[in-house]
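As a plain string of letters, each chain reads:
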Amino acid sequence: MIKILQLTPPLRKRLKAPLGLLIKGSFEETMKELKKVIEKEKPSKIVAVGDVVSSNMMKYGIYPQVFIVDNTVMRETIAPIQADVNETIYVRNAAGTLTEEAREGVKKALDKGGRLIRVMVDGEEDLLTLAAVVYAPENSLVVYGQPHEGVVAVITTKEKKDEVRKIIEAMVSVA
């Protein structure tokens, strides 16, 4: 049976706050700052979560090893990102949930070597940021969008992974 975890109202409120460093500004400004974070931290892996973030990172020359998208921006369908990917992993994940299938898809993508692996989500990719933080190697960089503000850069320290694992454990099982 597929295990599906769902956000509770208190967790939804908690996740409105950035999980890492909020970089505010235009796409150009946020990508310039993100490059500085990458130069400073030298992450072992870079993961992008979201269509706009993934597209802008690649547009500005920041290529993640893994990017997680659903071809939707603010509930509107968009054209798929055109990128020369090594592999695409397809998963299902309904809005406000974290399915076991999606978590495993993210883990599989992160376990693979190489570059530019797309995780294509049928549903919504937002909460897969949590799986990316938990499954990425320590000192990876997980980047996601903070709507109308900028991007959030999360360095996957042991402490950050533990914090996010606790959030996942606090979600309620609905199947």
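The following refers to the structure shown.

Conventions we followed
Residues numbered from 1 in each chain as written. Predicted model: local features only at pLDDT ≥ 70, side-chain atom pairs only at ≥ 80, totals over all residues. Heavy atoms only, no water. Helix = DSSP H or I, 4+ residues; strand = E, 2+ residues; numbered from the N terminus. Buried < 20%, exposed > 50% of the residue type's maximum accessible area, 1.4 Å probe, protein only. Lys, Arg positive; Asp, Glu negative; His and termini not counted. Salt bridge = Lys/Arg side-chain N within 4 Å of Asp/Glu carboxyl O. Polar contact = N/O pair within 3.5 Å; in protein donor to acceptor, adjacent residues only side chain to side chain. Contact = heavy atoms within 4.5 Å. Pairing = 2+ DSSP bridges. Axes fitted to C-alpha atoms, helices over the stretch in contact; angles between N-to-C directions.

## Examining the side chain of Arg118
Then comes step 1: Position of Arg118 among the secondary structure elements: in strand β9 (residues 117-123).
Then comes step 2: Lacking a salt bridge, the buried Arg118 has Asp51 as its closest oppositely charged neighbour, with an N-O distance of 8.0 Å.
Then comes step 3: At a separation of 3.2 Å, a polar atom in the side chain of Arg118 contacts the main-chain carbonyl oxygen of Ile81.
Then comes step 4: Look past the residues within four positions of Arg118 in its chain and what remains in contact with it is Phe67, Val69, Ile81, Ala83, Val85, Glu87, Thr88 and Ile89.

## Some words on the sheet that holds strand β3 (residues 46-49)
Then comes step 1: In spatial order, the strands read β2-β11-β10-β3-β4-β9-β7; together these seven strands make up an open sheet with mixed pairing. Each having just a single partner strand, β2 (21-24) and β7 (87-93) make up the two edges of the open sheet. Within this sheet the neighbouring strands show an average axis-to-axis angle of 20°, counted without direction.
Then comes step 2: Against the sheet, helix α4 (residues 100-111) makes contact with β3, β4 (66-69), β7 and β9, and its axis sits at roughly 160° relative to β7, the strand it touches most.

## Side note on helix α3 (residues 51-59)
In an α-helix, one turn spans 3.6 residues, which is why side chains three or four residues apart end up on the same side.
Then comes step 1: Buried residues of α3: Asp51, Val53, Ser54, Asn56, Met57 and Met58, and no others.
Then comes step 2: Buried residues along α3 sit in contact with α2 (27-41), β3, β4, β5 (72-73), β10 (141-146) and β11 (150-155).
Then comes step 3: At the exit of α3 stands Gly61, carrying a positive phi of roughly 80°.

## Considering the sheet that holds strand β12 (residues 172-173)
Then comes step 1: Strand order in the open sheet made by the three strands is β8-β1-β12, with antiparallel pairing throughout. Of all the strands in the sheet, the pair left with one neighbour each is β8 (97-99) and β12.
Then comes step 2: As paired elements, strand β1 (residues 4-6) and β12 share two bridges and run antiparallel to each other. Paired with Leu5 across the strands is Ser173, a residue of β12.
Then comes step 3: Of the strands in this sheet, β1 and β8 are in contact with α4, which crosses β8 at around 65°.

What is shown is where atoms sit, not what they do.
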